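Here's the letter readout for the chains.
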Amino acid sequence: MQLLEGRVDLPRVGEVRATDCESLPFLLVDAAGREVEPVSRFLRDLRLSDRSALTCRSYAVDLLRWWRILGVLAVRWDQATTDEVAVLVGWMRTASNPQRTRHSNLAAVNTKTGKRALSPGYAPATINHALSVLYRFYEFHSHRGWGPVVNPVPVSSRRRAALAHRSPLDSVARVPRAPLRQKTPDRAPRAIPDPLWNELFAAMRCDRDRSLLAFYVSSGARASELLGLRLEHVDWAGQRIWVVSKGTRELEPVPASAQAFTLLALYLHEAGLPTAGEPVWRTLRGEARPLSYWALRRILQRANARLGTNWTAHDMRHTAAARMVADPSLTLPEVQTVLRHKHLATTQRYLTVNVDELFDKLQGHFQRPRHEPARLAAGYDPADMAAVFGG
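Source: prediction; values computed, not measured.

Each value, and the rule that gives it
Counting restarts for each chain: residues are numbered from 1 in the order of the written sequence. Predicted model: local features are reported for residues with pLDDT of at least 70 only, side-chain atom pairs are reported and counted for 80 or more only, and whole-chain, interface and lining totals are derived from all residues. For side-chain calculations, the full set of non-hydrogen atoms in the structure is used, while hydrogens and water are omitted. The helix and strand labels rest on DSSP assignments: H or I over at least four residues marks a helix, E over at least two residues marks a strand, and numbering proceeds from the N terminus. Expected span of a helix, by definition, is 1.5 Å for each gap between consecutive residues, and there is one gap fewer than residues. In what follows, a contact means two residues having at least one pair of non-hydrogen atoms within 4.5 Å. Here the nonpolar core consists of buried residues drawn from Ala, Val, Leu, Ile, Met, Phe, Trp, Tyr and Cys, with membership extended through side-chain atoms lying within 4.5 Å. Each residue gets one of three labels from its accessible area relative to the maximum for its type: buried under 20%, exposed over 50%, partly exposed in between, using a 1.4 Å probe on protein chains only. pLDDT measures the predictor's confidence residue by residue and takes values from 0 up to 100. Whenever a carboxyl oxygen of Asp or Glu lies within 4 Å of a side-chain nitrogen of Lys or Arg, that contact is scored as a salt bridge. Fitted lines through C-alpha atoms serve as axes, helices being fitted only where they are in contact, and the angles separating the N-to-C directions of these axes extend from 0 to 180 degrees. Angle categories are assigned with fixed cut-offs, so that under 35 degrees is roughly parallel, over 145 is roughly antiparallel, 65 to 115 is roughly perpendicular, and the rest are oblique. Under the grouping applied here, Gly and all other residues not named as nonpolar or charged are polar, the nonpolar ones being Ala, Val, Leu, Ile, Met, Phe, Trp, Tyr, Cys and Pro and the charged ones Asp, Glu, Lys and Arg. The rule for a disulfide is simple: a pair of cysteine sulfur atoms within 2.5 Å. Residues adjacent in sequence count toward polar contacts only when both atoms are side-chain atoms; beyond that, a polar contact is any pair of N or O atoms within 3.5 Å, and within protein one must be able to donate a hydrogen and the other to accept it.

Things to note about helix α1 (residues 37-48)
Each α-helix winds once per 3.6 residues, and so residues spaced three or four apart point in a common direction. In this model α1 runs 16 Å from its N-terminal to its C-terminal C-alpha over 12 residues, within 8% of the 16 Å that 1.5 Å per residue would give. Packed against the buried residues of α1 are β2 (26-29), α2 (53-73) and α4 (124-143). Asp50, located one to two residues past α1, shows a positive phi value of around 70°.

Regarding the nonpolar core
Counting 40 residues, the largest nonpolar core has Leu200, Phe215, Ile241 and Trp281 as the members making the most contacts within it. Elements supplying a minimum of two residues to this core: α6 (194-202), α7 (207-219), α8 (223-227), β4 (240-244), α9 (258-271), α10 (293-307) and α11 (313-326). When near neighbours in sequence (up to four residues on either side) are disregarded, Phe215 contacts Gly220, Leu226, Ile241, Ala256, Ala260, Phe261, Leu264 and Trp281. In terms of nonpolar packing, the next biggest core, distinct from the first, is built from 39 residues, Val89, Tyr122, Tyr138 and Val153 among them.

Examining the environment of Leu131
Tracing the chain through its elements places Leu131 in helix α4. Sequence separation of Leu131 and Arg181 is 50 residues, and the distance between their C-alpha atoms is 7.7 Å. Residues in contact with Leu131, not counting those within four places in the same chain, are Val85, Val89, Val153, Leu180 and Arg181.

Details of the confidence of the model for the chain
Taken residue by residue, the chain gives an average pLDDT of 87. The fraction at 70 or more is 90%. Low pLDDT (under 50) marks residues 102-107, which in the prediction has 11 contacts with non-local residues, meaning those over four places away or in another chain.

Focus on the pattern of salt bridges
Tallying each qualifying case throughout the model produces 15 salt bridges. The salt bridge partner of Arg76 is Asp78, with a shortest N-O separation of 2.8 Å. Note on Asp78: relative accessible area 22%, which makes it partly exposed. One salt bridge in this structure joins Glu199 and Lys112, with 2.9 Å as the shortest N-O distance. Here the residue Glu199 occupies a position in helix α6, and Lys112 occupies one in the loop between α3 (82-94) and α4, the gap between them amounting to 87 residues. Taking the relative accessible area as the measure of exposure, Glu199 reaches 28% and is therefore partly exposed. It is possible to trace a salt-bridge network through shared partners that takes in Arg222, Glu225 and Arg340.

A short note on the environment of Val280
Relative to the assigned elements, Val280 resides in the loop between α9 and α10. Val280 sits in the buried class, given a relative accessible area of 0%. Residues Val280 and Trp236, spaced 44 residues apart in sequence, show a C-alpha to C-alpha distance of 14 Å. If we skip the residues at most four places from it in the chain, Val280 touches Leu229, Arg230, Leu231, Leu264, Tyr267, Leu268 and Pro274.

Section: the packing of α2 against α4
The interhelical angle for the contact between α2 and α4, taken along N-to-C directions, is 85°, at an axis separation of 10 Å. Judged by the angle between their axes, α2 and α4 are roughly perpendicular. For the pair formed by α2 and α4, the contact residues are Ser58, Tyr59, Asp62, Leu63, Arg65, Trp66, Trp67 and Leu70 on the first element and His129, Ala130, Val133, Leu134, Arg136, Phe137 and Tyr138 on the second. Of the residues contributing to the contact of α2 with α4, the split by class is 10 nonpolar, 2 polar and 3 charged.

Quick notes on the state of the cysteines
By the definition in use, this model includes 0 disulfides. No disulfide involves Cys56; its sulfur sits 11 Å from that of Cys21, the nearest cysteine.

Re the side chain of Arg65
When you line up the elements, Arg65 lands in helix α2. Looking at Arg65, its side chain comes within polar contact range of the side chain of Asp62, at 2.9 Å. The residues contacting Arg65, other than those within four sequence positions of it, are Leu10, Leu88, Trp91, Met92, Tyr122 and Ala130.

Now the structure itself:
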């Protein structure tokens, strides 16, 4: 019961290790340092099914958490039932997430940005992802006769049937969630308003950071895509860059603003050119190393601490998308092409009303004097005036 309520810390045994093997870029090892073969077989199948190495790592981390739960419960992986899965969900709903360094609560909202602060626990989407990984893991082994006959992760057959063959023009059917699945809020993407963007940009301390932000907000590239940019993939004359797209894992062109290229030139003039094959953005202190996502997040955290905000790197992609959608000279399919969204419906999410702009309009509405109806001079009958002039 204590494990179900998150009052017991999971023992930090086992780990996910990187390998040099193309068919198994990551593997899971147990407390004794031995490879967990059932997980390796599953991850190898994912890789052969053309899943990315980062997807394999993500699945391996979820399965590591599951292996630790089973270790505490003293249950073999192939004897797990829905009861053990319920323990996993209960623990994730109440335990603290070690990846969250901020202490907040679900009700906390940053009054300056309007963004909800991250909770110290696991998000509902993270729990649902863990359940999806477990379901696929057990489906893989059950199909080959290696695991339990009945998948311990419950599913909603009605929901799967409703979503299996559906025209994108049809509305999504409302069906109950599967047992143990969490309700995930559908929040509209929130862009950074122009005044707050100018404030954030001014808080950057060097040309490297300013060029990064300028490229993010003009190109709409994802954080990992832009951090992996190579100098040979910068088209100075064409004002575009080539990034490895997250979806296709291929080099694709992305346009950017003239300001971004100017700041990049200033940064490279000061820091020097990277060697061939090395990322453009590097650390400034000590030996030059590629700038990691965690270093980028730390740059934003320092700026947020000074400004009293809670912006993230992905907010800049939202900002780029919102600015493009608001431009009457760009069509929605064109914005979809620049952002490299697979479905147009994803781009359409940015057509929602901008809350900050709405509030500014309302302030103007409140300050405008109310229209007072004209008063008739003494001696005029309102009925006669209405008959003559209409009313």
